[in-house]
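# Observations on the three-dimensional arrangement
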Amino acid sequence: MDTSGMYVGLDIGTTSIKVIVAEYLEGQLNVLGVGNERAAGLSRGVIVDIDKASEAIKRAVKAAEEKASIQIHDVIVGISANMLKIEPVTGMIAIGDQAREITDQDVRDVASAAIIQNLPPEREIINLVPDEFIVDGFDGIKDPRSMVGVRLEMNGMLFTGPKTIVHNTKKAVEQAGLNAQLAVVSPIAQGLSILSDGEQDFGTILLDLGGGQSTAAVIHDHRLKFAEVDPEGGDYITKDISVVLNTSIENAEKLKRNYGFADSSRASEDNQFPVDVVGQSRPSDISEKYLAEIIEARLMQILGKLKTQLDATNALSLPGGIVLTGGVAALPGITDLAQDVFDVPVRVSIPDQMGLRHPSFTQALSLVNYRGKMGEVALLVQSALAGNDQLASQVETRPEPQQILEVSDTRHAKPDQSRTNKSNKPKKQRGQGIKKFFTDFFD
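A quick note: this is a predicted structure, and the numbers were derived from the prediction, not measured.

The next thing to look at is the sheet that holds strand β15 (residues 214–220). Strand order in the open sheet made by the five strands is β16-β15-β14-β19-β20, with mixed pairing throughout. Looking at which strands have only one partner, the edges of the open sheet turn out to be β16 (223–230) and β20 (346–348). The sheet shows a mean angle of 20° between the axes of neighbouring strands, direction not considered. Here four bridges tie strand β14 (residues 204–209) to strand β19 (residues 322–325), and the two strands are oriented parallel to one another.

Here it is as structure tokens:
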């Protein structure tokens, strides 16, 4: 499947809202426009005022529209991992009394069967990710379409979140005049986008250090296995600076960005700068090291809490180490500090697109990249969650095959997209020998 197309990622953060318009062409992401506006109506990563949030989204979308010279209607929106629940699900349907070929609708039906359960009224489904399909007992199948069988099963992972968070996010997007074409749990999109194939395979920890909250997520065997959110982030660092130095929030934010270090051992006592202090007519001189000590104290608290959660899952034993992202990850010395806390290899993920080389843009880019890499089966499964016919319509209609387990050479392309064929053979599972070493992790 050729997923070439133009997509829009919407990252609704606590401190800023980012919109990225990008063209996904032959596996390459070309950014066409960016909108970055100060957020409103959010607290600790959660929308608490839909009206204010929708207005901020409108401003960011308008900025992106002007730069990309297009009008935005559909967006891919990220959903925070607050109180995220991950559970395995299984669905099974009968194809018919006699064997026949499996169709797109059969894939949607078996996905629907997998999510038939009594969800608590306060929770809502966000994503369903298929692991494998089983046709008449033959497992390990990634794409069952055009195969022949009488029974189709699917094993997958279901991701649910608090209904308040999901509803408020989608409502704010809708109120901004947009259609949330696809909602994605943020760490899922980030894992696919910024981690290498090996890091996703053997296990890596993602730490998203945002303005309103910090998220630790474990990606293992190409799946999100665990996510924990600490409701502290860069805003808390700014408030600490403001309180300790008796200066305004605006000044504290500038000090953090211009002079801040995450690791106080890298800061200098000799380098000093003026700080406007409330109640004083003249600025006071503060050393770079003193400011770094304020920042380091809060970061040690945040990272320490996340480490406690990760230790409980034995995640720090995974070979991929830690990958940092989010705005706080831009602080100099953050890698050294994180290595001291977690005692594992740490690196910072920074987008390589011109003008976006800052970790705060990682999430918005990841959303676009996630949509660009979605295959037909993933689209069909996701479309079954709420009868999302728009996603299902983006999957090509397959003509009648000429032979069992083969796909016709001709496909109908959409007017603005070119399509190429893709084999339906299940991919060989890589690294089975080494993976066995980790079979006790999150099973």
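Text resumes after the structure shown.
It is worth spelling out the sheet that holds strand β9 (residues 123–135) at this point. Across the sheet, four strands lie side by side as β7-β12-β9-β10; this open sheet has antiparallel pairing. Of all strands in the sheet, those with a lone pairing partner are β7 (85–94) and β10 (138–141), marking the two edges. Averaged over all adjacent pairs, the angle separating strand axes in this sheet is 35°, with direction ignored. Two strands pair when backbone bridges link them, and β9 and strand β12 (residues 151–162) are joined in this way by 11 bridges, in the antiparallel orientation. When the bridges of β12 are listed, glutamate 132 appears paired with asparagine 155. Together, β7, β9 and β12 form the strand contacts of helix α2 (residues 104–114), whose direction differs from that of β7 by roughly 130°. Where helix α11 (residues 376–383) meets the sheet, it contacts β9 and β12, and its direction lies at approximately 135° from that of β9.

Okay, the pairing of strand β1 (residues 5–12) next. Looking along a regular strand, one sees the side chains alternate between the two faces of the sheet. Burial analysis of β1 places seven of its eight residues in the buried class, the great majority of the element. The pairing of β1 with strand β2 (residues 16–25) spans eight bridges and is antiparallel. Counted as the bridge partner of methionine 6 is glutamate 23 from β2. The antiparallel hairpin formed by β1 and β2 contains three residues in its connecting segment.

By the definition in use, this model includes 17 salt bridges. With its nearest N and O atoms 3.7 Å apart, the salt bridge here joins lysine 170 to glutamate 124. Of this pair, lysine 170 sits in helix α3 (residues 163–175) while glutamate 124 sits in strand β9; the two residues are 46 residues apart in sequence, bridging distant segments of the chain. On the basis of relative accessibility, which here comes to 32%, the residue lysine 170 falls in the partly exposed class. Taking the shortest distance from any N to any O, the salt bridge between lysine 305 and aspartate 230 comes out at 4.0 Å. Here the residue lysine 305 occupies a position in helix α8 (residues 288–312), and aspartate 230 occupies one in strand β16, the gap between them amounting to 75 residues. Taking relative accessible area as the criterion, lysine 305 reaches 37% and is therefore assigned partly exposed. Several salt bridges converge on common partners, so that one network encompasses Asp230, Glu232, Asp240, Arg298 and Lys305.

This next bit is on the environment of valine 61. With respect to the helices, strands and loops of the structure, valine 61 is situated in helix α1 (residues 50–68). On the accessibility criterion, valine 61 (5% relative accessible area) is buried. Taking the C-alpha atoms as reference points, valine 61 and isoleucine 72, 11 residues apart in sequence, are found 7.3 Å from one another. Not counting residues within four places of it along the chain, the set of residues in contact with valine 61 comprises Val19, Ile72 and Leu178.

Moving on to the packing of aromatic side chains. Counted under the stated rule, the structure contains one aromatic pair. Here the aromatic rings of tyrosine 259 and phenylalanine 273 are separated by 4.1 Å at their centres, their planes lie at 10°, and the arrangement is stacked. Of this pair, tyrosine 259 sits in helix α7 (residues 249–259) while phenylalanine 273 sits in strand β17 (residues 272–275); the two residues are 14 residues apart in sequence, bridging distant segments of the chain. Looking at tyrosine 259, the relative accessible area reads 34%, which means it is partly exposed. For phenylalanine 273, a relative accessible area of 4% gives the class buried. Lying across the ring of phenylalanine 361, lysine 18 places its NZ or CZ 5.4 Å from the centre.

Summary statistics for the protein chain give a mean pLDDT of 88 and a share of 88% for residues scoring 70 or more. Predicted confidence is poor over residues 398–431, with pLDDT under 50, and the contacts of this stretch with residues over four places away or in other chains come to 61 contacts. Confidence drops under pLDDT 50 across residues 433–442; counting only partners more than four residues distant or on other chains, this segment forms 21 contacts.

For aspartate 143, the location among the structural elements is in the loop between β10 and β11 (148–149). Taking the relative accessible area as the measure of exposure, aspartate 143 reaches 11% and is therefore buried. Engagement of the side chain of aspartate 143 in a polar contact is seen with the side chain of arginine 145, the distance being 2.9 Å.

Take the pairing of β12 next. Extensive coverage of β12 is indicated by the burial of 10 of its 12 residues. Judged from the 10 bridges that link them, β7 and β12 form a sheet pairing that is antiparallel. Looking across to β12, one finds that isoleucine 93 is bridged to leucine 152.

Moving on, we get to the environment of glutamate 26. When you line up the elements, glutamate 26 lands in the loop between β2 and β3 (28–38). Between the C-alpha atoms of glutamate 26 and glycine 5, which are 21 residues apart in sequence, the distance is 9.6 Å.

Cut-offs and rules
- Residues numbered from 1 in each chain as written.
- Predicted model: local features only at pLDDT ≥ 70, side-chain atom pairs only at ≥ 80, totals over all residues.
- Heavy atoms only, no water.
- Pairing = 2+ DSSP bridges.
- Helix = DSSP H or I, 4+ residues; strand = E, 2+ residues; numbered from the N terminus.
- Axes fitted to C-alpha atoms, helices over the stretch in contact; angles between N-to-C directions.
- Contact = heavy atoms within 4.5 Å.
- Buried < 20%, exposed > 50% of the residue type's maximum accessible area, 1.4 Å probe, protein only.
- Salt bridge = Lys/Arg side-chain N within 4 Å of Asp/Glu carboxyl O.
- Phe/Tyr/Trp six-rings, centres within 6.5 Å; stacked < 30°, edge-to-face > 60°.
- Lys NZ or Arg CZ within 6 Å of the ring centre and 35° of its normal.
- pLDDT = per-residue confidence, 0-100.
- Polar contact = N/O pair within 3.5 Å; in protein donor to acceptor, adjacent residues only side chain to side chain.

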